[in-house]
Amino acid sequence: MDYKWDFLIVLKNIDPLISGLYGTLLLSSVSLILGLITGLILALLRLSKFKPVNVFALYFIEIFRCTPPLVQLYWIFYALPILINISLGPFESAIIALSLGSGAYFAEIFRGGIVSIARGQWEAGKSLGMSYFTLMLRIILPQAIKRMLPAFVNRAVELVKTTPLVAVIGYSDLLYQTVLLSQRSYRSLEYFTFAALIYFVILSIGTTLSQYFENKFNN
Amino acid sequence: MGAYNWDFLIVFQNLDVLAKGLLLTFKIAASSLVTGLIIGLVLGGMRLSKKKLLSFPAAVFVEIFRNTPALVQIMWFFYALPILLNLQVSPFMAAFLSLTMNNAAFSAEIYKAGINSIEKGQWEAGKALGMNFLKLMQRVILPQAIKRTIPAFTNRSVELTRMTSLASTIAYGELMYQGRLLSEYLYRPIEIFTTVALIYFIILYTGTIFSGLLEKRLSRSD
């Protein structure tokens, strides 16, 4: 019953864990950037007055929000390559799945933020002769983004929480390395506890940051 | 680009396998939803307590489960917990325990916010009538708080159902797991994963719509 903890074994095998952590951070940051771009595009499509574009964006968002990320990942890794006859490695599949998945959520945040800007701002910009894109870029988005910041950080936290799923398609992230090491050494308890701790530290920073922004903008 | 020959017939022939998986998806979702809601209420109450001895452990529990990935939690319960306790943990048990705890942590925050949203006057009125804490909670605070938090809880159950697919990674035989097995067995990943995605979509989309309607309805009656 008395289990002898041995965290020394984790330290001895820290190299693969660090390279796994690097994989997690790389994947998170690339998908975050691509997800934000996808989200902004989807939000603009959603706000379009041209019905087919609007409906397309709506269903795109709903499909990604109403299916589990794991199903999306399997579909993109196993089904998509056959369907369009290309080859996708674990990294590419993971990037596509996480960017589109988080993009669907970012789109709703962007949309909410853009809609929240008073009409007068649009009219003022238009009367100054600004085009749609100039107006969006210079007037609407800078104000909207400030309001959306807490929601964005929350979503980024969710994105990092989703990254360990990529271990199941063989992308070498922190969880993947943890599984490999624990299979080799029968020290699952130490390895999984360690991995959970690392994730906890990263995600707590994000959660704290999000709360900080929320308090800051509420005052 | 060669045109792909879709063959959904093969999925229909194996629909019973997916149906079996779907049943287990419902089983794990329902059991961890109900248990998580009960534990969450206790945790939420502890978090609101003025006694540090109660509020602190509850806060730690909530933060741990909210700030680690659900998949890591499931794997921890499946691979690490058995070593710690020196006993067998089945895939169902591991998935049930981790999803329940995860759900409890998120639910605790909803309960807390709901209870906090009830005006101070209600507490004072109850106390003036001589109600003790539990009576007051049960008769005055919770009925109102629960009404306000129902939309958040329906969202939570949609999230939880979404999360159950993670149990496939520890070989619990729910929908995602059956889908993976079938696709390996039949070499038809496109049709099978599309069908699996569609089934999840129908369930979760219905849940989302329902939650939206409920929210509208409840806000009207306030």
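Criteria and cut-off values
Residues numbered from 1 in each chain as written. Chains lettered and ligands numbered in written order. Predicted model: local features only at pLDDT ≥ 70, side-chain atom pairs only at ≥ 80, totals over all residues. Heavy atoms only, no water. Helix = DSSP H or I, 4+ residues; strand = E, 2+ residues; numbered from the N terminus. Buried < 20%, exposed > 50% of the residue type's maximum accessible area, 1.4 Å probe, protein only. Contact = heavy atoms within 4.5 Å. Areas by Shrake-Rupley, 256 points an atom, 1.4 Å probe, with all protein chains shown as cover. Lys, Arg positive; Asp, Glu negative; His and termini not counted. Charge placed at Lys NZ, Arg CZ, Asp CG, Glu CD. Salt bridge = Lys/Arg side-chain N within 4 Å of Asp/Glu carboxyl O. 1 Å grid on protein atoms, 1.4 Å probe; cavity = no way out; pocket = protein on both sides within 12 Å on 5 of 7 lines; lining within 4 Å. Points joined across faces, edges and corners; volume = space filled by probe spheres on them. Nonpolar A, V, L, I, M, F, W, Y, C, P; charged D, E, K, R; others polar. pLDDT = per-residue confidence, 0-100. Patch = residues over 30% accessible without salt bridge, like charges linked within 9 Å, V, L, I, M, F, W, Y side chains within 5 Å. Phe/Tyr/Trp six-rings, centres within 6.5 Å; stacked < 30°, edge-to-face > 60°. Lys NZ or Arg CZ within 6 Å of the ring centre and 35° of its normal.

Attention now moves to the overall build of chain B. Regarding its fold elements, chain B presents nine helices and zero strands. If you list the helices and strands of chain B from N to C, you get α-α-α-α-α-α-α-α-α. Across its three principal directions, the C-alpha atoms of chain B cover 75 × 50 × 30 Å. Here chain B, with 222 residues, has 47% of them falling under the buried criterion. For chain B, restricting intrachain contacts to residue pairs at least 6 apart in sequence, the fraction spanning at least 24 positions comes to 73%. Accessible surface, chain B as shown: approximately 11,400 Å² in total, 67% of it carbon and sulfur. Positive and negative side-chain charges in chain B, numbering 21 and 12 respectively, have mean positions lying 12 Å apart.

On to the pattern of salt bridges, then. One pass over the structure, following the stated rule, counts eight salt bridges over all chains. Among the salt bridges present, the one from A:Arg187 reaches A:Glu190, with a minimum N-O distance of 3.0 Å. For B:Arg148, the salt bridge is made with B:Glu119, and the minimal N-O distance between the two is 3.8 Å. Pair noted here: B:Arg148 is in helix H7 (residues 133–163) and B:Glu119 is in the loop between helix H5 (91–116) and helix H6 (120–128), with a separation of 29 residues, a long-range link. A relative accessible area of 43% means that B:Glu119 is categorised as partly exposed.

When its volume is computed, the largest pocket comes out at roughly 1,700 Å³. Lining of the largest pocket is provided by 48 residues; of these, A:Tyr105, A:Arg155, A:Glu158, B:Phe106 and B:Glu159 occupy positions nearest its centre. Among the secondary structure elements, those contributing two or more residues to the lining of the largest pocket are helix H4 (69–84), helix H5 (90–115), helix H7 (132–162) and helix H9 (188–218) of chain A together with helix H3 (52–66), helix H4 (70–85), H5 and H7 of chain B. In terms of residues, the lining of the largest pocket owes the most to one element, H7(A), which gives eight residues. Here the second largest pocket is characterised by a volume of approximately 630 Å³. Along its surface, the second largest pocket is lined by 19 residues, and B:Leu48, B:Lys50, B:Trp123, B:Phe133 and B:Met137 are the ones closest to its centre. Tallied by class, residues from the lining of the second largest pocket come to 11 nonpolar, three polar and five charged.

Take the confidence of the model for chain B next. With 98% of its residues at a pLDDT of 70 or more, chain B has an overall mean of 93. What the predictor reports for the complex is a pTM of 0.91 with an ipTM of 0.91.

Glancing now at unusual backbone geometry. Residue and element names in this part refer to chain B. Of note, Ala 171 is a non-glycine position whose phi angle comes to about 65 degrees, a positive value. Its location among the elements puts Ala 171 in the loop between H7 and helix H8 (175–186). The partly exposed category is assigned to Ala 171, whose relative accessible area is 40%. The phi angle at Tyr 187 is positive, at roughly 55 degrees, despite the residue not being glycine. Relative to the helices and strands, Tyr 187 is located in the loop between H8 and helix H9 (189–221).

On to a nonpolar patch on the surface, then. Residues and elements named next belong to chain A. Together, Ile 33, Leu 34, Ile 37 and Ile 41 line one region of the surface with nonpolar side chains, adding up to about 360 Å² of accessible area. Residue placement: Leu 34 occurs in helix H2 (residues 14–46). On the basis of relative accessible area, Leu 34 is assigned to the partly exposed category, the value being 35%.

Now for the packing of aromatic side chains. The geometry of an aromatic ring pair comes down to the distance between the two centres and the angle between the two planes. Overall, the coordinates contain 25 aromatic pairs over all chains when judged by the stated rule. Judged by centre distance (5.6 Å) and plane angle (75 degrees), the rings of B:Trp76 and B:Phe77 are edge-to-face. Given the relative accessible area of 9%, B:Phe77 is considered buried. Among the aromatic residues, those joined into a ring-pair cluster are A:Tyr74, A:Phe77, A:Tyr78 and B:Phe193. The aromatic ring of A:Tyr105 is capped on one face by A:Arg155, whose charged end is 3.7 Å from the ring centroid.

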